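# Overview (structure and organization)
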Amino acid sequence: MRSKDDVPFHDFDAADYNKTFFDRRAISFTHIPKCGGDSFTKEFNITMSRQNCYGDMPRNNWMTAVLVRSPRQHVHSQYGECRYDGYGIWRTANTSFARTDNLTADYEAFVKNFYQLKPWQFGESVCYRCMDPREIQTRYMSCHDAANPRANFALPYPPRLNVALVNLMDADFVGVTDFYATTACIFQYRREGTVPQGCECGSSQPKDHFHDRHGVPSNFSKYPTEHLNEMIDAFTRLDIIFFVAGMIRFLIDVEIAEKMAGCPLLCNREKAYELLETYMETEACKEYGCRRLRGMLDPLRRTASFMSMLDKKRI
């Protein structure tokens, strides 16, 4: 018998997508590690913010929210927490986690570790006791009964992409960490009913947003990582597809918000399209056939011209 949680992709009724734009209900935030969750939680003073499975978070009569992140940047950020944050330093102590003066080599060792792991290797012992970046976003959005910090580590059962996609569409708010300023501005707009000062593109004083760096130095990203993309893509294949779905949902929601507000809110739009195209061109997305993701979003076709881009690209 199929588990009630094991909802296949084709069972999702996209016609049920009927969210109220302005939403002042209490917030239930599923905090996927290293997706900007601490910054988001502190900026909006969210009390129900947990690193728990989406399925374990309260949903009835709550405004459910989640942030997603481009997998390559996400893996890099997870490494940064394990290397620099107090939690990461404590967790990786007395493990084989490389922490030398050669940051590039150390990050490469981190990536190679997860690239070489087999699916049946799971738990905290295989990930330096810190966190396991293999399909972590899909894992958080499809797992159950794995309260913090268990879902930080690969679980005995595999992540389920179909369930994660259904839950992605079930969420009342989906933000993208790579475009945090727009994410935060639209979230606040939906909560308060007015566009926050400094959120409109071209504002003379752009709105400041809280950023919790977890001890990671500001120049952390200034070393080459592109040569590791192929390995990262190999152990984040589901997360790539999940992120593409999240980006499409986000860009449509942005257009809806901009129409409601009567002003532009995504100021680096071309960068967003380029990022989406980058992941559309990955092996995982091509093999999956990311055009299948459109079925989840067809009911929004009339509300966002962005869908015409998908038609033109035959995604």
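Residues numbered from 1 in each chain as written. Predicted model: local features only at pLDDT ≥ 70, side-chain atom pairs only at ≥ 80, totals over all residues. Heavy atoms only, no water.

Now for the nonpolar core. Counting 65 residues, the largest nonpolar core has Phe40 and Val244 as the members making the most contacts within it. With 13 residues, helix 9 (residues 237-261) is the single largest residue contributor to this core. Those residues in contact with Phe40 that sit more than four places away from it in its chain are Phe29, Ile46, Leu67, Phe173, Tyr180, Thr183 and Phe187. The next biggest cluster of nonpolar side chains, apart from the first, holds 23 residues, and it includes Cys82, Leu103, Tyr107 and Cys127. (Core = buried A, V, L, I, M, F, W, Y, C linked by side-chain atoms within 4.5 Å. Buried < 20%, exposed > 50% of the residue type's maximum accessible area, 1.4 Å probe, protein only. Helix = DSSP H or I, 4+ residues; strand = E, 2+ residues; numbered from the N terminus. Contact = heavy atoms within 4.5 Å.)

If pLDDT is low for a region, its predicted coordinates should not be looked at in detail. Per-residue confidence for the protein chain averages 86 on the pLDDT scale, and 85% of its residues sit at or above 70. Across residues 1-18 the pLDDT falls below 50, and counting only partners more than four positions away or on other chains, this stretch makes 28 contacts in the model. Scored below 50 in pLDDT, residues 300-315 shows 31 contacts in the model against residues more than four places distant or in partner chains. (pLDDT = per-residue confidence, 0-100.)

Looking now at the sheet that holds strand 2 (residues 48-50). The parallel open sheet is built from 4 strands, whose spatial order is 2-1-3-4. Both outer strands of the open sheet, strand 2 and strand 4 (173-176), are each paired with one neighbouring strand and no more. Across this sheet, the average inter-strand angle for adjacent strands is 20°, counted without regard to direction. Relative to strand 2, strand 1 (residues 27-30) is paired through 3 bridges, and the arrangement is parallel. Bridge pairing in strand 2 places Thr30 opposite Arg50. (Pairing = 2+ DSSP bridges. Axes fitted to C-alpha atoms, helices over the stretch in contact; angles between N-to-C directions.)

With that settled, the discussion passes to unusual backbone geometry. A positive phi angle is found at Asn94, which is not glycine, with a value near 65°. In this fold, Asn94 is placed in the loop between helix 3 (86-92) and helix 4 (103-116). A residue is classified by how much of its surface remains accessible, and Asn94, at 84% relative accessible area, is exposed. Residue Tyr128 is not a glycine yet carries a positive backbone phi of 60°. The residue Tyr128 is located in the loop between helix 4 and helix 5 (136-142) in this model. You can call Tyr128 buried: its relative accessible area is 9%.

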